[in-house]
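# Tertiary structure, described
This is what each chain is made of:
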Amino acid sequence: MKKLALLILSLILTISVSSQDKRLKGIEKELNKILEVTQTAGYAVAVVEGDKIIYAKGFGYRDYENKIAVDANTLFAIGSSTKAFTSSLLGILRDDDKLSFDHNPRQYVPELEFYNNDLNNNLIIKDLMRHSTGLPRHDGSWYYFPSNSKDSLLMRMKYQEPFTGIRQQWYYNNFGFLAQGVITERITGKSWEDNLKEQFFTPLEMTRTNASIEEMKSSSNASLGYEVKNDNIKKMDYYDIAGMSPAGSINSSVNDMSNWLITWINDGKFKGEQIIPENYITEAMSSQIVVGGGVPDEEFPDIHFANYGYGWFLQSYKGHYRVEHGGNIDGFSANVALYPSDNIGIVVLANQNGSPVPSLVRNTISDRLLGVEQSDWVGRYEKNLEKGKKAQEEVEKDSEISNVKNTKPSHINVDYTGIYSNKGYGNFEIIAENDSLFSILNGDKLYLHHFHYDVFELIDMTENKVDTTQYGKSIKMVFTTGESGDISEAKIKIEPTVDDIVFDRAPNTIDVDTKTLETYTGDYDIAGTDFKIFIKNEALHLFIKGQPEYELIATDKHKFSFKTLEGFKIEFIEDENGKITELKAIQPNGTFVAKRK
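As a starting point, this report considers the structure included with it. Only a predicted model underlies this, so the values are computations on that prediction, with no experimental measurement involved. Residue positions within a chain follow its written sequence, with the count starting from 1. Local features in this predicted model are restricted to residues of pLDDT 70 or higher, and side-chain atom pairs are both shown and tallied only at a pLDDT of 80 or more, whereas totals for entire chains, interfaces and linings draw on every residue. Heavy atoms throughout the structure, all of them, feed into the side-chain values; hydrogens and water do not.

## Concerning the overall build of the chain
Filter applied, for reference: In this text, helices come from DSSP runs of H or I with a minimum length of four residues, and strands from runs of E with a minimum of two, each type numbered from the N-terminal end. When checking whether two residues touch, look at their non-hydrogen atoms; a contact exists if any pair is within 4.5 Å. To be clear on the numbers: accessible area is Shrake-Rupley with a 1.4 Å probe, and residue cover counts the displayed protein chains and nothing else. His is not counted, nor are the chain ends, whereas Lys and Arg count as positive and Asp and Glu as negative. For this purpose, a charge sits on NZ of Lys, CZ of Arg, CG of Asp or CD of Glu.
Within the chain, the secondary structure is distributed over 15 helices and 33 strands. Partitioning the intrachain contacts of the chain with sequence separation of at least 6 by distance along the chain shows that 56% fall at a separation of at least 24. Carbon together with sulfur atoms contributes 48% to the accessible area of the chain, which is approximately 28,100 Å² in total. Each charge class in the chain can be summarised by its mean position, and for the 65 positive and 86 negative side chains these summaries are 2 Å apart.

Written out as structure tokens, the structure reads:
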């Protein structure tokens, strides 16, 4: 009953505060239109000015199926709006003289290695904070191959190729914020999550905010996530960002996030207490690197420049300095925006994947609060949406044209099966079932649809059914044949700024009991050269005089691959009585048959 009374009081305060601000009079009509036009299940928005919340309200549903409404305390995933929290922890540590932004990150994480010595020797922490490492996103590494270990994910950076030099170009990179989180953990001896609670959530009275999907699932008044698919609102599963948490794992409400905004527009203070160092606040909201060049849009000449601070995008919005950061993770989108010179902050949290809602709501409210000309943001969105659909149709036409009809794969299905691995990303398995190939990736089963030649498409499956609407539109996987004629690797264009990511193939293995292995042992002769097959440490081995011993791995009945040599295989041949009489050595330079002595 006490919780219910507090909730009712909160709603009454919100309504009374909202109704007092003349600038936002009648705003609900516009905000409801945004909800309708974008086919969004629900969202919440809060506005702060000075040290007060002047508006906070929910629209639509947090549970669309059961029509449970969103309110200002509903939890949403805020995605990359988390980044400003992560960098701020470093700002506090710097204020305590525990690090310098100009230090090499390896000074705090000695085992951290990068792709080349230029990165190893010259990268500084500031590059991680402003996306100036020269590394592209490489998001496929953590999104498709997640790990709960921050340290394990961080070690993948050694194998991730840069696309330009350090500080040559801004480019968004989540791994840089993972590294900041790990640096915080090493210096404090506490988890990144515990640091968040101690430094921000507790002193800012963000009592409902958490940093894990498990906490989100167990929380009351938490939103589900949704996407728009074929003009229908469909529920999406929560995505567990796991070890990549410092880049985007916070779940919060607009009421809680309002206290975060108040802190930033009050020089780092909340209720008189200095939470974030004032000099860091100023520096983080100042231009640290240019995001992109170009002149202003003809339609909006007073919206210009695009720079980045520390975990914040910077822009001039109709003559007003804006500091903001969006966020997106499966089923959720967010935007957190500040107008420091105007003492105004706006947070919008939506339960729609890849949603335009946060920016539409932010801009609609900004025009009113800043007293500038009010733009038809919804009309502009609808116009751009129509253009986007036409552009997508053209892309699909081009894809259809590029598809070469009536081609076949170079191998039978079983030859594509195996474990595929890349040290900068992870492992996935390809299996054959009936007449089809499937990929097992992060527990999900994807159908490999033959596109042409040795190119396949990765197609989603829903309730064990293939989503045929993705044909011709999905990410492609290109298989390569090695010198021996076997499928040796798969290449996927996961990161657009660098060459295809290559995953090396290891054939699937089967268990063979010792009794069966013994049927292969003995000496085999080919043109006077002896092949000795024997068992060692419960595994079959091959020895040829003058060469090392080679361990053999069973891949099928009577078939073995060399554990350490790519493209070398052994196949045992049996006679009509089932007795092993020959050994076939398959090598890149040919196939040779040895008779059993």
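## Things to note about the sheet that holds strand β23 (residues 476-481)
Basically, it comes down to this: We call two strands paired when DSSP finds no fewer than two bridges between them. Where helices are involved, their axes are fitted lines through C-alpha atoms of the stretch in contact, as for all axes, and angles between N-to-C directions lie from 0 to 180°.
With respect to topology, eight strands assemble into a closed barrel ordered β16-β17-β18-β19-β20-β23-β24-β25, the strand pairing being antiparallel. Strand-to-strand twist across the sheet, computed as the mean angle between neighbouring axes with direction ignored, equals 30°. As paired strands, strand β16 (residues 418-422) and strand β25 (residues 501-506) are joined by three bridges and run antiparallel to one another. Looking at β25, one finds that Y420 is bridged to R505.

## Comments concerning the environment of K83
Quick reminder of the rule: Only protein chains enter the area calculation, which uses a 1.4 Å probe; residues under 20% of their type maximum are buried, those over 50% are exposed, and those in between are partly exposed.
With respect to the helices and strands, K83 occurs in helix α3 (residues 83-95). Since its relative accessible area comes to 0%, K83 is described here as buried. Sequence separation between K83 and W312 is 229 residues, and the spatial gap between their C-alpha atoms is 8.0 Å. Discounting chain neighbours no more than four positions away, the residues touching K83 are H131, Y172, N174, F177, P246, A247, Y308, G311 and H325.

## Quick look at the pairing of strand β15 (residues 344-350)
For β15, a buried count of seven out of seven residues is recorded, marking the element as mostly surrounded by other parts of the structure. The side-chain alternation of β15 yields two buried faces, one formed by I344, I346, V348 and A350 and the other by G345, V347 and L349. Here strand β1 (residues 42-49) pairs with β15 via seven bridges, running antiparallel. Looking at the pairing, V47 lines up with I346 of β15. The sheet contact formed by strand β14 (residues 332-339) and β15 spans seven bridges and is antiparallel. Considered in β15, the bridge of N335 is made with V348. With antiparallel pairing between neighbouring strands as the criterion, β14 and β15 make up a hairpin whose turn holds four residues, including N343 at a positive phi of roughly 60°.

## Some thoughts on the pattern of salt bridges
Stated precisely, the cut-off is as follows: The rule for a salt bridge is simple: a side-chain nitrogen of Lys or Arg has to be within 4 Å of a carboxyl oxygen of Asp or Glu.
Applying the stated criterion across every chain, the model contains 29 salt bridges. In this structure, the salt-bridge partner of K229 is D467, at a minimum N-O distance of 3.9 Å. Here the residue K229 occupies a position in strand β5 (residues 225-229), and D467 occupies one in the loop between β22 (465-466) and β23, the gap between them amounting to 238 residues. A salt bridge links D500 to K493; the nearest nitrogen and oxygen atoms lie 3.8 Å apart. Among the ionic contacts, a cluster of salt bridges with common partners joins D21, R23 and E49.

## Thoughts on the packing of aromatic side chains
In plain terms, the rule: For this analysis, a ring pair means two rings from Phe, Tyr or Trp (six-membered ring only for Trp) whose centres lie within 6.5 Å, classed as stacked if their planes differ by under 30 degrees, edge-to-face if by over 60, and tilted for the remaining angles.
Throughout the structure, instances matching the rule amount to 45 aromatic pairs. Between W170 and Y308, the aromatic rings sit 5.9 Å apart at their centres with planes inclined by 45°, giving tilted as the arrangement. In this pair, W170 sits in the loop between α7 (150-155) and α8 (174-188) while Y308 sits in strand β11 (residues 303-308), placing the two residues 138 residues apart along the sequence. Accessibility expressed as a relative area gives 13% for W170, which makes it buried. When the ring of F428 is compared with that of F503, the centres are 5.2 Å apart and the planes differ by 65°; the resulting orientation is edge-to-face. With F428 in strand β17 (residues 426-433) and F503 in strand β25, this pair connects stretches of sequence that are 75 residues apart. Relative accessible area serves as the criterion here: at 4%, F428 is assigned to the buried category. Take F503: its relative accessible area is 0%, and that puts it in the buried class.

## Some remarks on the packing of α3 against α8
Condition: Note that the term roughly parallel is reserved for angles under 35 degrees, roughly antiparallel for angles over 145, roughly perpendicular for angles of 65 to 115, and oblique for everything else. Put simply, a crossing is left-handed when the front helix is turned counterclockwise from the back one by less than a right angle, and right-handed when it is turned clockwise.
Their axes nearest at 10 Å, the elements α3 and α8 cross at an angle of 40°. Accordingly, the angle class assigned to the pair α3 and α8 is oblique. Two packed elements cross with a definite hand, and for α3 against α8 that hand is left-handed. Two secondary-structure elements touch here, α3 through K83, T86, S87, L89, L90 and L93 and α8 through N174, F177, Q180, G181, I183, T184, I187 and T188.

## Examining unusual backbone geometry
The residue N221 is not glycine, and still its phi comes out positive at about 55°. Among the secondary structure elements, N221 is positioned in the loop between α10 (213-218) and β5. Taking the relative accessible area as the measure of exposure, N221 reaches 16% and is therefore buried.

## Some points on the nonpolar core
Going by this rule: Side-chain atoms within 4.5 Å link the members of a nonpolar core, which is a set of buried Ala, Val, Leu, Ile, Met, Phe, Trp, Tyr and Cys residues.
Among the nonpolar cores identified, the biggest contains 83 residues, and F85, L196, F200, W260, W264 and W312 are the most heavily contacted of them. The element contributing the most residues to this core is helix α11 (residues 254-265), with seven residues. Discounting residues that sit within four places of it in the chain, W260 has contacts with A84, F85, S88, F200, L204, M206, I276 and W312. Of all hydrophobic cores here, the second largest spans 29 residues; its members include Y43, F59, V357 and L369.

## Some remarks on the environment of P301
By the element assignment, P301 lies in the loop between β10 (289-292) and β11. Classification of P301 as exposed rests on a relative accessible area of 51%. Remark: the alpha-carbon pair of P301 and K387, spanning 86 residues in sequence, is separated by 21 Å.

## Regarding α3
A turn of α-helix holds 3.6 residues, and therefore any two residues three or four places apart point the same way. Our working rule: Expected span, for any helix, means 1.5 Å times one less than how many residues it has.
The terminal C-alpha atoms of α3 lie 19 Å apart, and with 13 residues this matches the ideal 18 Å at 1.5 Å per residue to within 8%. Residues of α3 that are buried: K83, A84, F85, T86, S87, S88, L89, L90, G91, I92, L93 and R94. Looking one or two residues beyond α3, the residue adopting positive phi is D97, at roughly 60°.

## Some words on the packing of α3 against helix α9 (residues 192-201)
Stated formally: Throughout, the ten residues Ala, Val, Leu, Ile, Met, Phe, Trp, Tyr, Cys and Pro are labelled nonpolar, Asp, Glu, Lys and Arg are labelled charged, and all others, Gly among them, are labelled polar.
Here α3 crosses α9 at 75°, and the two axes come no closer than 11 Å. Between α3 and α9, the crossing angle belongs to the class labelled roughly perpendicular. Between α3 and α9, the residues in contact are F85, T86, S88, L89 and I92 and W192, N195, L196, Q199, F200 and F201, respectively. Looking at side-chain class alone, the contact of α3 with α9 contains seven nonpolar, four polar and no charged residues.

Any functional reading would require information beyond the geometric quantities listed.
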